[in-house]
Amino acid sequence: MAKKGLLLCVCQGTCPSFHKMDIFEVLNSLRREGIFEWVGLHPQLCSDDGEKYLRELLKGAEIDQLYVAGCDPTMQRKMYRDAFEAVGFPKEKHIGVEIRNMDTQQAIEAIKNAVKANS
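For clarity, every value in this text was computed on a predicted model and none was experimentally measured.

**Student:** Whenever I open this one, the overall build of the protein confuses me. Can you help?
**Tutor:** Along the protein, the regular secondary structure elements total 4 helices and 4 strands. Helices and strands appear in the protein in the N-to-C order β-α-β-α-β-α-β-α. Relative to its length of 119 residues, the protein is compact, with a C-alpha radius of gyration of 13 Å against a globular reference of 14 Å. C-alpha atoms of the protein, sized along the principal axes, occupy 35 × 35 × 20 Å. Put simply, 73% of the contacts in the protein that link residues at least 6 apart link residues at least 24 apart. Of the roughly 6,500 Å² of accessible surface on the protein, 48% is carried by carbon and sulfur atoms.

**Student:** Mind showing me how you'd approach the pattern of salt bridges here?
**Tutor:** A side chain of one charge can pair with a side chain of the opposite charge when the charged atoms of the two come close. Evaluated as defined, the whole model comprises 5 salt bridges. Here arginine 32 and glutamate 25 are joined by a salt bridge, their closest N and O atoms 3.0 Å apart. Take arginine 32: its relative accessible area is 52%, and that puts it in the exposed class. Since its relative accessible area comes to 30%, glutamate 25 is described here as partly exposed. Put simply, lysine 112 and glutamate 33 hold a salt bridge, and the shortest N to O gap is 2.9 Å. Taken as a pair, lysine 112 in helix H4 (residues 104–117) and glutamate 33 in helix H1 (residues 23–33) lie far apart in primary sequence, 79 residues in all.

**Student:** Looking at this structure, how should I read a positive patch on the surface?
**Tutor:** The grouping of Arg77, Lys78, Arg81 and Lys91 at the surface amounts to a positive patch. Structurally, the position occupied by lysine 78 is in helix H3 (residues 73–87).

**Student:** Help me out: how do you make sense of the sheet that holds strand S4 (residues 94–98) in this one?
**Tutor:** What holds strands together in a sheet is hydrogen bonding between their backbones, with the strands either parallel or antiparallel. Strand order in the open sheet made by the 4 strands is S2-S1-S3-S4, with parallel pairing throughout. Bordering the open sheet on either side are strand S2 (38–42) and S4, each of which pairs with just one other strand. Between one strand axis and the next, the sheet turns by 20° as a mean value, whatever way the strands run. In the sheet, strand S3 (residues 65–70) pairs with S4 via 5 bridges, with the strands oriented parallel. Directly across from alanine 69, in S4, lies its bridge partner valine 97. Running over the sheet, H4 touches strand S1 (4–9), S3 and S4 and is turned about 145° from S4.

**Student:** Where do I start with the side chain of histidine 94 in this structure?
**Tutor:** Tracing the chain through its elements places histidine 94 in strand S4. A polar side-chain atom of histidine 94 sits 2.9 Å from a polar atom in the side chain of glutamine 76. If we skip the residues at most four places from it in the chain, histidine 94 touches Leu66, Val68, Pro73, Gln76, Arg77, Tyr80, Phe84 and Phe89.

Basis of the calculations
Residues numbered from 1 in each chain as written. Predicted model: local features only at pLDDT ≥ 70, side-chain atom pairs only at ≥ 80, totals over all residues. Heavy atoms only, no water. Helix = DSSP H or I, 4+ residues; strand = E, 2+ residues; numbered from the N terminus. Rg over C-alpha atoms; globule rule 2.2 N^0.38 Å. Contact = heavy atoms within 4.5 Å. Areas by Shrake-Rupley, 256 points an atom, 1.4 Å probe, with all protein chains shown as cover. Salt bridge = Lys/Arg side-chain N within 4 Å of Asp/Glu carboxyl O. Buried < 20%, exposed > 50% of the residue type's maximum accessible area, 1.4 Å probe, protein only. Patch = residues over 30% accessible without salt bridge, like charges linked within 9 Å, V, L, I, M, F, W, Y side chains within 5 Å. Lys, Arg positive; Asp, Glu negative; His and termini not counted. Charge placed at Lys NZ, Arg CZ, Asp CG, Glu CD. Pairing = 2+ DSSP bridges. Axes fitted to C-alpha atoms, helices over the stretch in contact; angles between N-to-C directions. Polar contact = N/O pair within 3.5 Å; in protein donor to acceptor, adjacent residues only side chain to side chain.

What follows is the structure in structure tokens.
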């Protein structure tokens, strides 16, 4: 079975598109189910320190797939490309999941559905 990591990116926690969701319950629910090897949270992966965080995290990551739940997956691919290239993390291993404007349960289901679609 593929080893998977999950990062939630929440647009600094101030974007209205995340106000209906309890981000900690999203992480805890998925963590408890054992779907992912690990789960994490970053306030803004598209920032300079977010890119540095991704590079450090992925340097020795032993995962087959990195799920990033946050904004549009197409935007994610463009924003994280440099970090992936810097550490040799294959961009095909990145799976973006759109969770903006969802409540807690909708976000959990969207992430689970992405895992099912990529298994």
